[in-house]
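Overview (structure and organization)
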Amino acid sequence: MGIKKIKFMCTAFRDGFQSAYGARVLTSDFLPAVEAASEAGISHFEAGGGARFQSLFFYCNENAFDMMDAFRQTAGPNANLQTLARGVNVVGLDSQPSDVISLHAKLFKKHGITTIRNFDALNDVNNLVHSGQAIVDAGLKHQVCVTMMELPPGCTGAHGPDFYTEVLQKILKADIPFDSVCFKDASGTSVPSKVYETIKRARKLLPEGMIIQFHTHDTAGIGVSCNREAIAAGADIIDLSLAPCSGGTCQPDVLTMWHALRGSEYTLDVDVDKVREAEEVFKECMKYYFLPPEATAVEPLIPWSPMPGGALTANTQMLRDNGIMDKFPEIIKAMGDVVRAGGYGTSVTPVSQFYFQQAFNNVMFGPWEKIAEGYGQMVLGYFGKTPVSPDPMVVKLASEQLMLEPTTRPPLELNDEDPTKGLNFARKLLKAEGLDDCEENVFIVATCKEKGLDFLKGKATLGIRKIDPAKAADASAPPEGGAPSKPSGTYTVSVSGHKYAVTFDDNHAHVNGKSYVVDLKKGGTPSGAAAPKPTPAATPAPAAAAAPVAVETSGADLSDVTAPMPGVVIKITAEAGTHVNAGDPVLVLEAMKMEMKVNSPVTGTVAEICISKGAQVASGQVLAKVGA
């Protein structure tokens, strides 16, 4: 019997970017690596979708459709370019109506995509029916998904071969058109024996010749073992990545998997020497991007979470941005309880983010004191049916806090009735801003909301974590005269009892959406010299809005409106002089991909707005003052 060649999809330029860099990578930086990979004979690429859609508008100030066009041009006309879609959520965290789902498929076909991998994090097959049909109707190949994970130790029910086989049978019964099937484990926690048994059963259920693809991450250190078991059970294609974003939170490396198969009856369909050359090009492309240490490590505690590789580094980076990375171990521990109570949705976007947000809230505010909106909507049924029933106590709390009743209605039906969703609503927003309502713009606004509008208005900010080559060279040299190195990162600074989040970047300090040139030296102000005043930087922070405003509130007792956690001010809902009741929102923060209203503690008049839109704020920082 000859050696069987196993095909693979290269995930480096989508899932690899998400898992290692929080999806924040500029197109021009990685295209040389795509070209090198193509020259090495790789012709099947994951090229967009998932987090690599919104992140381009949110953090890279790039148009995702332009990125897909450039990818197609670089990879060539014959490459199989595949993207990731989240069923009724398509490429966002929120679910969408029918018209947005259909336009998603149409536009991705227009911009060079061949195949769309389509999954539902709850394995609710109803969420795959319309989205799958739309993909096929647009002339694309549809890869339907069953999502996998291992439940935290001590949990039982769902997430085993019986459950996955049942999901696949429901897909077949629903007559969803598809060209291939993927078993997708975003957390890399499914044990090898279950992977083998699941795919073995699927091979018997599916028509002869149907392609089965397997996807996992190496976060728990068993990615190679799971791939081997998938191949042995009958999988045709596996997902692999390229260094520097391979292993750890990413997929196993092409070269690692090739090595693991040596001496067996299988081998990868690849020229390993050419892949080695391509990886050297890729490493050069990415050398100035910050690679968090947790991205390259095996995390033994992941089975107790389980945290997907694609979400882990994105969340740790947000914790770093907000100066609370020390909370990460507690959050990971809290995730086990959140999964247990949440109905066992698979830990993959958007559910993985819901799990993390709720675990974050449980750590920051106390267990179940604050239900995260996405998590609450999930347990209440607004994203579909969870594999098992959520904890009744948590459902009750979610209903009370979110002021929503539980529902069993399909999300698509609810979304089609929602006047604040859909293409017509997006067109109205574009028209109000005087923007072109071409299909691409409409879709951007429908899926990215205010941040999509900001991008189209030229107000998007750049949020990539990349080292300036010139600064990197300076940093490698020892400081002259023994001078201390300049600080970087975000610090909480207390002044006269008020807390401020100050981000230092070389000789710039960013405070409340404004940038200042600063000169930090060891020791105090020289004797007899006046303390220098900060000088505004030549280019202020792009997100900064108008300066803080105050009004006279003679004789009034002022109450502080403070930030409940670190975050970024994304909306100011009350101006100085506005009357507010206790509990009315004054501002909206974004923290850990959550929008959080900051409410007035008293009834009265807003006396002062102390920050600007776009400001990074610290926990406990005074954001506004209200005169009672």
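Here is a short report on the structure shown in this document. Just so you know, these numbers come straight off a predicted model, no measurement behind them. (Residues numbered from 1 in each chain as written. Predicted model: local features only at pLDDT ≥ 70, side-chain atom pairs only at ≥ 80, totals over all residues. Heavy atoms only, no water.)

**Observations regarding the overall build of the chain**
A tally of helices and strands in the chain yields 20 helices and 23 strands. For the chain, with 628 residues in total, the buried portion stands at 54%. About 26200 Å² of surface is accessible on the chain, with carbon and sulfur atoms providing 52% of the total. (Helix = DSSP H or I, 4+ residues; strand = E, 2+ residues; numbered from the N terminus. Buried < 20%, exposed > 50% of the residue type's maximum accessible area, 1.4 Å probe, protein only. Areas by Shrake-Rupley, 256 points an atom, 1.4 Å probe, with all protein chains shown as cover.)

**Side note on the packing of aromatic side chains**
Enumeration according to the criterion identifies 23 aromatic pairs in this entry. Consider the rings of F57 and F455, whose centres lie 5.0 Å apart with planes at 80°: the pair is edge-to-face. You can see F57 sitting in helix α3 (residues 51-58) and its partner F455 sitting in helix α19 (residues 439-456), a full 398 residues away along the chain. For the pair F57 and F455, a shared accessibility class is recorded, and that class is buried. (Phe/Tyr/Trp six-rings, centres within 6.5 Å; stacked < 30°, edge-to-face > 60°.)

**Quick look at helix α13 (residues 328-342)**
For α13, with 15 residues, the first-to-last C-alpha span of 20 Å sits near the 21 Å given by 1.5 Å per residue. Residue A334 marks the point of greatest curvature in α13, where the axis turns by about 25°. Every buried residue of α13 is listed here: F328, I331, I332, A334, M335, G336, V338, V339, A341 and G342. For α13, the elements touching its buried residues are α12 (309-321), α14 (351-365), α15 (373-380) and α16 (392-402). The first or second residue beyond α13 is G343, which carries a positive phi of 95°. (Expected span 1.5 Å × (residues − 1). Bend = angle between axes of the 7 residues up to and from the residue. Contact = heavy atoms within 4.5 Å.)

**Quick notes on the pattern of salt bridges**
Tallying each qualifying case throughout the model produces 24 salt bridges. Salt-bridge contacts for R117 lead to D239; the nearest nitrogen and oxygen are separated by 2.9 Å. Highlighted residues: R117 in strand β4 (residues 115-118) and D239 in strand β8 (residues 237-240), separated in sequence by 122 residues. Each member of the pair, R117 as well as D239, is classed as buried. Close ionic contact of K170 with E166 constitutes a salt bridge, the shortest N to O distance being 3.7 Å. Within this pair, K170 and its partner E166 are both found in helix α7 (residues 161-173), separated by four residues, close to a single helical turn. Exposure remark for K170: the relative accessible area of 44% places this residue in the partly exposed category. A residue is classified by how much of its surface remains accessible, and E166, at 39% relative accessible area, is partly exposed. Three or more residues are tied together by salt bridges with common partners; here these are R14, D15 and E46. (Salt bridge = Lys/Arg side-chain N within 4 Å of Asp/Glu carboxyl O.)

**A look at the nonpolar core**
Grouped together as the largest cluster of nonpolar side chains are 106 residues, with contacts concentrated most on F13, F71, F183 and L242. The greatest single-element share of this core, amounting to nine residues, is contributed by α19. Excluding residues within four positions of it along the chain, L242 makes contact with C10, A12, F13, A37, I42, D253, V254, V275, E279 and F282. Ranked by size, the runner-up nonpolar core spans 45 residues in total, among them M335, Y344, F360 and A398. (Core = buried A, V, L, I, M, F, W, Y, C linked by side-chain atoms within 4.5 Å.)

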